[in-house]
Structures are given as structure tokens and as C-alpha cells.
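# Report on the structure
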Amino acid sequence: MRTLIQVEFDTATANRLMTDGTMPKALEGVMATLKPEAAYFAPTAGRRCAYLFADLPAESSLVPYLEPLWELNAEVTITPCMNADDLAKGLRTLNGS
């Protein structure tokens, strides 16, 4: 299941975790585990934010993949999403093709 995982980090917590080295190590682990198709990092509403596009094998995989982010006091939003090929395939089913 292709999924957009939006991660917003609490600023005070993130500042502390950046200083002590916890955040970079945790993010490296999350990236190695998720192997996202794409990853973008940007400020959102003044907070550090990551947008990770990953193909998850099953809904149950959310627990081990995302637990390290929750341990960083991050707010995580999960949205199913698709690429252009997925959209085209879905549209073809509407037309009975």
C-alpha cells in the first residue's frame, strides 16, 4: 500500500534530540526500514516536517515502522496515495476497461 507519511516534530523536543544526536540516528533507522520512494523535509507551520512516500507491505507494518517516530514525540499522519500509473489503472476500472 503506497502511503504518504507526514511527520511533524515538536520543536522543543526536536531541538533537544538534535543536540544529543538522537534525532539523526532515529531518522537514519526509519529511512533504512521504510526505504521510501521519495523523502522530503521542509518546515510546516514553523515545525520540522518530513514527507515520506513509502510502499508498505501491510497495514500492520505501520506499528514497527512508525513507533520510532512516536518515540521522538512526533505527530504522524498517514494518507493512502497513488502515483500516475495507479490513478490510470483506477480510472480504467470506472470505464469497464
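The sections below set out a description of the structure shown in this document. For every chain, the first residue of its written sequence is number 1, and the numbers climb from 1 along that sequence. In view of the model being predicted, local features appear only for residues whose pLDDT reaches at least 70, and side-chain atom pairs are presented and counted only at 80 or more, with totals across whole chains, interfaces and linings using the full set of residues. Only hydrogens and water are set aside when side-chain values are computed; all heavy atoms of the structure are taken into account.

## Some points on the overall build of the protein
In this description a helix means any DSSP run of H or I spanning at least four residues, a strand means any run of E spanning at least two, and both kinds are numbered starting from the N terminus. Each helix and strand in the protein was counted, giving 4 helices and 4 strands. Reading the secondary structure of the protein in the N-to-C direction produces β-α-α-β-β-α-β-α. Over its C-alpha trace the protein gives a radius of gyration of 16 Å, far above what one expects of a compact globule, namely 13 Å for 97 residues. The principal-axis extents of the C-alpha atoms in the protein amount to approximately 55 × 25 × 15 Å. Going through the 97 residues of the protein one by one, you find that 32% of them count as buried. Any two residues having at least one pair of non-hydrogen atoms within 4.5 Å are treated as being in contact. Nonlocal contacts in the protein, meaning residues at least 24 apart in sequence, comprise 65% of its contacts between residues at least 6 apart. In the form shown here, the protein has an accessible surface area of approximately 6,100 Å², with 58% of it arising from carbon and sulfur atoms. Positive charges are assigned to Lys and Arg, negative charges to Asp and Glu, while His and the chain termini are left out of the count. Charged side chains are reduced to one point each, which is NZ for Lys, CZ for Arg, CG for Asp and CD for Glu. The protein carries 8 positive and 12 negative side-chain charges, and their two centres are separated by 3 Å. C-alpha atoms define the radius of gyration in this analysis, and the globule rule sets the expected value at 2.2 Å times the number of residues to the power 0.38. Here's how the labels work: a residue is buried when its accessible area is under 20% of the maximum for its type, exposed when over 50%, partly exposed in between, all with a 1.4 Å probe on protein chains only. Residue burial considers only the protein chains on display, and all accessible areas are found by Shrake-Rupley using a 1.4 Å probe.

## Considerations on the sheet that holds strand S1 (residues 2-9)
Strands qualify as paired when DSSP identifies two bridges or more between them. Strand order in the open sheet made by the 4 strands is S2-S3-S1-S4, with antiparallel pairing throughout. Each edge of the open sheet carries a strand with a single partner, namely strand S2 (38-44) and strand S4 (74-80). Each adjacent strand pair in this sheet contributes to an overall mean axis angle of 20 degrees, direction not counted. Note on definitions: angles span 0 to 180 degrees between N-to-C directions of axes, and those axes are lines fitted to C-alpha atoms, for helices only across the stretch in contact. Packing of helix H1 (residues 11-19) onto the sheet brings it into contact with S1 and strand S3 (47-55), and relative to S3 it is tilted by some 80 degrees.

## Some points on the pattern of salt bridges
Here, a salt bridge means any Lys or Arg side-chain nitrogen found within 4 Å of an Asp or Glu carboxyl oxygen. Going through the model one piece at a time under the given rule, you end up with 4 salt bridges. Among the ionic pairs, Asp86 bridges to Arg2, the shortest N-O distance being 2.2 Å. In this pair, Asp86 sits in helix H4 (residues 84-94) while Arg2 sits in strand S1, placing the two residues 84 residues apart along the sequence. Arg2 gets classed as buried once you look at its relative accessible area, which sits at 19%. Glu8 is the salt-bridge partner of Arg47, the closest N and O atoms lying 3.7 Å from each other.

## Points about the pairing of S2
Pairing analysis gives 7 bridges linking S2 to S3, with the strands arranged antiparallel. Paired with Ala39 across the bridge in S3 is Leu52. Here S2 folds back onto S3, and the loop between the two strands holds 2 residues, one of which, Ala45, carries a positive phi near 50 degrees.

## Let's talk about the nonpolar core
Among buried residues, the Ala, Val, Leu, Ile, Met, Phe, Trp, Tyr and Cys ones that are joined through side-chain atoms within 4.5 Å form a nonpolar core. Counting 19 residues, the largest nonpolar core has Ile5, Val7, Phe9, Leu34, Leu52, Leu66 and Leu69 as its most contacted members. When contributions to this core are tallied by element, the ones reaching two or more residues are S1, H1, helix H2 (22-34), S3, helix H3 (62-71) and S4. Counting residues per element, this core draws most heavily on H2, which supplies 4 residues.

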